[in-house]
Amino acid sequence: MLQLKNIVKTYVTGDMKQDALKGVSISFRENEFVSILGQSGSGKTTMLNIIGGLDRYTSGDLVINGVSTKEYKDADWDFYRNNSIGFVFQSYNLIPHQSVLANVEMALTLAGVSKKERKQRAVSVLKKVGLGDHIHKKPNQMSGGQMQRVAIARALVNNPDILLADEPTGALDSETSIQIMELLKEIAKDKLVIMVTHNPELAEKYSTRIVKLLDGRIVNDTNPYSEKEEQVQKIKHKKISMSFFTALSLSFNNLRTKKGRTLLTSFAGSIGIIGIALILALSTGMNAYIADVQKDTMASYPITISDETIDVSSVMGMRGEVIGEMRGENKTETENRTGVFADYKEIETSEKISSSIVENNLTEFKKYLDNPDSEIQQYLGENGIVYTYDVNFSVYSHDADGKLIDSDSEVGDTASPMAGSNGKVEIMNKLNGSAALGGGSSSGAANFSELMAGLDGKTASQVITDSYDVLYGTWPEEYNEIILVLNENNGISAGTLYQLGLITEEQYEAAVEKIENGEDADEISFAYEDICGHTFYLVPACDHYIENENGTFTHIDDITLNEEDLLANAVELKITGIIRPKEDAQNASISTAVAYTSKLTDYVITHTDESAVIKAQEADREINVLTGMEFESTDDEAKANDAKEYLSSLGISEKASFYKLMMYYASSHSETNNAGTSQNGMAAGNGAMDETTMAAALDRWLAGEPDQEILLKVYDEYIAGSTYQDNLKAFGKVSFDAPASISIYTDSFESKDAIAACIEKYNETATEETRITYTDYVAMLTSSITTIINGISYVLVAFVAISLIVSCIMIGIITHISVMERTKEIGILRALGASKRNISQVFNAETFIIGCCAGLLGIGVSLLALIPINSIIEKLSGLAELEAQLPITSSIVLITISILITIIGGLLPAKKAAKKDPVIALRTE
Ligand code: ADP
Ligand code: MG
């Protein structure tokens, strides 16, 4: 059944060639007990390894069951070893970390036998060799004889045809040797047993045939056998099969038996993962914090576009000059001047400022913003776009004495009805206001401002609600509801309290006096409930215009003149809640003592649209409803007539004051004026006249031949200049399409930059008139911060990348070492019939498990480490929001990376292990 034909084995080491076998020809019977004797180095082991398919012959042929092995592939040899051969070695070669049972089962495992059958067969063969009671022991808990019996059991478990034993008793005492020989003799009854031995007596006593080797040649054979020449058959390729799952469970059992070692390996592998996880957690925390800060910053500093603005870039250029001057840089040319020179710098500066005032067409821009297809939509933050309108109204309230107080004028304001005459100041106010939330309405709001509206129709934005504690009541919901804003000390400035009608003028003045005298003022306080009972009256600007009998309208400046009527129609505002900034609030930016909802703004706009004065003015665009005259008369004659008409329509006291005014004109023109004499006459009696007389005198003057020059002057001063638009503005007409300012909120600097780019794009396509100018204050503040943040992000990414590489190398080395360490095991597995693929499968399965463990361990350790790390960070930075955190997705990704790296790291060593010559592997200690 087994025939060696002129087998030659040549080992090549470097330049040296050594023939271990020099043409060995021999045939074996199906069952006999053959002993091979010979000096050390005569080629016994080599011959055995070739017979067992563990080593390859250089030339000749090995015929197995009539089949030549010349054409054998690796898989055929593996199958042959696994199915037909059982190996027994001098040094037992058991896998030390597996139980006796597992060792014996191994060959069956590799063959893909089911677990149940495996155990059954292993136990029965162990019973046969007399070890039925020791199946759960580890090899190192047994004697040499017992271990050799385990090795024999393992060799027999696959029920092979041939048992090969290389000096099986070489390490045993004579008594145990006899037991082993008895066992082999028993086996040889129905199998071919070929045993190498040094002991001729044992060979003599137990074997049925003795073959002597010398120098790679057979020199003696006591019972030669000549097989009749069989027809050499074609080979049939067969494979042993083991699934990856089997490999996995094999590796798992293997790892389970060496828990400590596995844990250490996993830990070593996990160090890299821990590094990445911690750096990732820190950078995630840092990024979250940066995003948070950005969001908070962007909530305080939206991109704000006002209908009128200063082109700050040109003013900024000017600032550079000023700084240069302070440093003395502009002196050079003028250093050697003598004499006194006029300096025009101030004039130039103020000219530059006034020429840098630009108007924005927000109506067009709003159309762009409202278009859902606009590119800008995707960059909007949580708070979106907030439009503010220049609504015009007054607020009044009664103080404790019942006196009516104007509650919404600026502190120390010397009531300037000539609004608009001081454009620059107004614009500066607007710029200041726009930097803060809620300060959008620029109607000279001193104590009242609009609350920043939130999403989904909420009256207060979350930015605001997050920044304030509600001390009493609730946030306002309706148009007639307002909220009172206290400072950190629950205070409201005394001046404001007075304006709001909460303390009387006497109380206020008494306090001022006491403080001036160095005393402490009386403490004044209110209960929340009491203060909420206070009522304010809101009178829209249009309601200040009262219709006269002749159809014109008169502006009532002093509300006390018509108090009952005005207050009857006014909106009664109720305080629904009282708020105070939170301790570390980022956006506690309500700058006034009272805040109203955007619903009130909407109400005032709609109410104004429907008011009589607006309707009357809109009905005839040519006639000024205040004077009943055309806005612009064409010639002097008409103008003089208009002036005449205007003057005669005035009331008595107004006529009187006009009369005084004309006295003044007349006297200043007396030298050159013909009418001088008569005027002087009027002037003489001036001091003694009362109002009625003066009014009568004016009427008389008008009835006569009034001086046209004076009439024209009156026209210019009091009638001309106002236009249809001016009037509508004065009446408080506001269109929803024309906001006074637009605030665009984003959540990050990046989105803000994108929005800036969108506006630039819009400007490129817009016409000259619709182009938008605005100042990106945040960019000025944050451009350097953004650079730093980007820098930090890159550094963090670099850290993560470095630790990833380090961890890769580390895991690779660890896997490599663990493979090296198990070279012997590879040899054993190969001897048992494991294919190269099986070997790499087993190792890959093992690295897979180690990768999993390393990943899980790494994440676990990192999560634990984050607890102290975070408390240290909080101590050092004092920032509760700055917290390192490991997101779940990152954790999963890291575990996957750990598995992948470990497998990749182990792939090469596993492949190398699989390629190892099993003979050399077995020789390694
Ligand atoms: P034995 O088992 O009879 O003591 P071996 O079969 O182990 O002898 O060795 C036969 C000869 O082949 C020896 O001279 C040994 O040095 C040589 N030999 C065995 N294996 C190798 C090898 N892997 N490389 C080189 N020479 C080898
Ligand atoms: Mg040997």
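Residues numbered from 1 in each chain as written. Chains lettered and ligands numbered in written order. Predicted model: local features only at pLDDT ≥ 70, side-chain atom pairs only at ≥ 80, totals over all residues. Heavy atoms only, no water.

**Q** Just to check I follow, could you spell out the site of ligand 1 for this structure?
**A** Every residue close to ligand 1 is listed here: Tyr11, Gln18, Ala20, Gln39, Ser40, Gly41, Ser42, Gly43, Lys44, Thr45, Thr46 and Arg923. Note that an oxygen atom of ligand 1 is positioned 3.2 Å from one of the backbone N or O atoms of serine 42. In this structure, an oxygen atom belonging to ligand 1 sits 2.6 Å away from a side-chain N or O atom of threonine 45. Calculation on ligand 1 without its partners gives an accessible area of 550 Å², and the protein chains cover 75% of this total. Listing elements by their share of the shell around ligand 1, those giving two or more residues are β2 (16-28) and α1 (44-51). Per-element accounting of the shell around ligand 1 gives the leading share, 3 residues, to α1. Classifying every residue of the shell around ligand 1 gives 2 nonpolar, 8 polar and 2 charged. (Near = heavy atom within 4 Å. Polar contact = N/O pair within 3.5 Å; in protein donor to acceptor, adjacent residues only side chain to side chain. Areas by Shrake-Rupley, 256 points an atom, 1.4 Å probe, with all protein chains shown as cover. Helix = DSSP H or I, 4+ residues; strand = E, 2+ residues; numbered from the N terminus. Nonpolar A, V, L, I, M, F, W, Y, C, P; charged D, E, K, R; others polar.)

**Q** Explanation requested: the sheet that holds strand β11 (residues 303-306) in the structure shown.
**A** Backbone-to-backbone hydrogen bonds join strands into a sheet, with any given pair of strands oriented parallel or antiparallel. Ordered in space as β11-β27-β14, the 3 strands form an open sheet in which the pairing is antiparallel. The open sheet has two edge strands with one neighbour each: β11 and β14 (385-388). Going from strand to strand, the sheet's axes swing by 15° on average, the running direction of each strand aside. Where β14 meets strand β27 (residues 741-744), 4 bridges bridge the pair, whose relative direction is antiparallel. The residue of β27 that forms the bridge with isoleucine 385 is isoleucine 744. Here helix α12 (residues 362-370) sits on the sheet in contact with β11, β14 and β27, set at roughly 30° to β27. Where helix α27 (residues 749-765) meets the sheet, it contacts β11 and β27, and its direction lies at approximately 30° from that of β11. (Pairing = 2+ DSSP bridges. Axes fitted to C-alpha atoms, helices over the stretch in contact; angles between N-to-C directions. Contact = heavy atoms within 4.5 Å.)

**Q** Explain the packing of helix α3 (residues 100-111) against helix α4 (residues 115-128) here, please?
**A** Geometry of a packed helix pair, given as the angle between the helix axes and the separation of the axes. Contact geometry of α3 with α4 gives a least axis separation of 9 Å together with a crossing angle of 120°. Comparing the axis directions of α3 and α4 gives the class oblique. Read as a crossing pair, α3 and α4 show a hand that is right-handed. Contacts between α3 and α4 involve Val100, Leu101, Val104, Glu105, Leu108 and Thr109 from the first element and Arg118, Lys119, Arg121, Ala122, Val123, Val125 and Leu126 from the second. (Parallel < 35°, antiparallel > 145°, perpendicular 65-115°, else oblique. Left-handed = near helix turned anticlockwise from the far one by under 90°.)

**Q** I would appreciate a short explanation of a nonpolar patch on the surface in the present structure.
**A** A grouping of Ile805, Ile809, Ile813 and Ile817 is seen on the molecular surface, where their side chains present a nonpolar patch of about 390 Å² in accessible area. If you trace the backbone, isoleucine 817 turns up in helix α28 (residues 777-820). (Patch = residues over 30% accessible without salt bridge, like charges linked within 9 Å, V, L, I, M, F, W, Y side chains within 5 Å. Salt bridge = Lys/Arg side-chain N within 4 Å of Asp/Glu carboxyl O.)

**Q** Can you walk me through the sheet that holds strand β10 (residues 217-221) in this structure?
**A** Reading across from one edge, β6-β7-β8-β3-β9-β10 is the order of the 6 strands in this open sheet, with mixed pairing throughout. Only two strands of the sheet have a single partner each, and these edge strands are β6 (85-88) and β10. Taken pair by pair, the neighbouring strands of this sheet meet at an average axis angle of 20°, ignoring direction. With 5 bridges connecting them, strand β7 (residues 162-166) and strand β8 (residues 192-196) associate as parallel partners.

**Q** How should I be thinking about the side chain of asparagine 158 in this particular structure?
**A** Turning to its location among the elements, asparagine 158 is positioned in the loop between α5 (144-156) and β7. Looking at asparagine 158, the relative accessible area reads 13%, which means it is buried. At a separation of 2.3 Å, a polar atom in the side chain of asparagine 158 contacts the main-chain carbonyl oxygen of asparagine 82. Not counting chain neighbours up to four residues away, the residues in contact with asparagine 158 comprise Asn82, Asn83, Ala107, Leu108 and Arg121. (Buried < 20%, exposed > 50% of the residue type's maximum accessible area, 1.4 Å probe, protein only.)

**Q** Mind showing me how you'd approach the pairing of β27 here?
**A** As a general feature of sheets, a regular strand has side chains that alternate between the two faces. Going residue by residue along β27, you find Ser741 and Ser743 tucked away on one face and Ile742 and Ile744 tucked away on the opposite face as well. Direction of pairing for β11 relative to β27: antiparallel, over a ladder of 4 bridges. Bridging across to β27, isoleucine 303 finds its partner in isoleucine 744.

**Q** Looking at this structure, I do not really get the packing of aromatic side chains. What am I missing?
**A** How two aromatic rings sit relative to each other is set out by the distance from centre to centre and by the angle between their planes. In the structure shown here, the tally under the stated rule is 13 aromatic pairs. Ring geometry for phenylalanine 87 against phenylalanine 89: centres 5.5 Å apart, planes inclined by 5°, an arrangement best described as stacked. Taken individually, phenylalanine 87 and phenylalanine 89 each receive the classification buried, so the pair is uniform in this respect. (Phe/Tyr/Trp six-rings, centres within 6.5 Å; stacked < 30°, edge-to-face > 60°.)

**Q** When you look at the packing of helix α8 (residues 244-257) against helix α30 (residues 836-877) in this model, what are you seeing that I'm missing?
**A** Two numbers describe how α8 lies on α30: the axes approach to 8 Å, and their chain directions differ by 60°. On the basis of their axis angle, the class for α8 and α30 is oblique. At the point where α8 passes α30, the crossing takes the right-handed sense. Where α8 approaches α30, its residues Phe244, Ala247, Leu248, Leu250, Ser251, Phe252, Asn254 and Leu255 are matched on the opposing element by Gln841, Val842, Ala845, Glu846, Phe848, Ile849 and Ile850. Partitioning the contact of α8 with α30 into residue classes produces 11 nonpolar, 3 polar and 1 charged.

**Q** What exactly am I supposed to notice about the pattern of salt bridges here?
**A** Where charged atoms of side chains with opposite charge meet at close range, the side chains can pair. Under the defined criterion, the tally for this structure stands at 18 salt bridges. Arginine 121 serves as the salt-bridge partner of glutamate 117, at 3.1 Å between the closest nitrogen and oxygen. One end of the pair is glutamate 117 and the other is arginine 121, both in helix α4 and 4 residues apart, which spans about a single turn. Judged by relative accessible area, glutamate 117 falls into the partly exposed class, the value being 36%.

**Q** Looking at this structure, how should I read the environment of aspartate 584?
**A** Mapped onto the fold, aspartate 584 is located in the loop between β23 (571-581) and β24 (594-596). Aspartate 584 sits in the exposed class, given a relative accessible area of 58%. Once the C-alpha coordinates of aspartate 584 and tyrosine 468 are considered, the two residues, 116 residues apart in sequence, prove to be 9.8 Å apart.

**Q** Even after reading the chapter, I still don't get unusual backbone geometry, so can you show me in this structure?
**A** Glycine aside, negative phi is the norm for most residues, and most peptide bonds take the trans geometry. Within the chain, aspartate 215 stands out as a residue other than glycine whose phi angle is a positive 50°. Tracing the chain through its elements places aspartate 215 in the loop between β9 (209-214) and β10.

**Q** I tried to follow the nonpolar core on my own but got confused; where do I start?
**A** Most often, soluble globular proteins keep nonpolar side chains buried together rather than apart. By size, the foremost hydrophobic cluster in this structure holds 90 residues, and its most contacted members are Leu2, Phe28, Leu184 and Ile194. Each of domain 1 (2-237) and domain 2 (249-294 + 786-923) gives at least three residues to this core. In this structure leucine 2 touches Ile26, Ser27, Phe28, Ile51, Leu62, Val63, Ile64, Tyr80, Ile162, Leu192, Ile194 and Glu227, once residues within four positions along its chain are discounted. The next biggest cluster of nonpolar side chains, apart from the first, holds 48 residues, and it includes Val391, Ile503, Ile605 and Val734. (Core = buried A, V, L, I, M, F, W, Y, C linked by side-chain atoms within 4.5 Å. Domains from an automatic or database assignment.)

**Q** Whenever I open this one, the confidence of the model for the chain confuses me. Can you help?
**A** Regions with low pLDDT should not have their predicted coordinates read in detail. Per-residue confidence for the chain gives a mean pLDDT of 81; residues scoring 70 or more make up 89%. With pLDDT under 50 throughout, residues 411-445 is counted as low confidence; its partners more than four residues away or in other chains account for 43 contacts. Confidence drops under a pLDDT of 50 for residues 671-685, and excluding neighbours within four residues, the segment shows 9 contacts in the predicted structure. (pLDDT = per-residue confidence, 0-100.)

**Q** What should I look at first to understand the environment of leucine 804 in this one?
**A** Looking at the secondary structure, you find leucine 804 in helix α28. Of the residues examined, leucine 804 reaches a relative accessible area of 29% and is grouped as partly exposed. Not counting residues up to four positions away in its chain, the partners in contact with leucine 804 are Ile276, Ile897 and Ile901.

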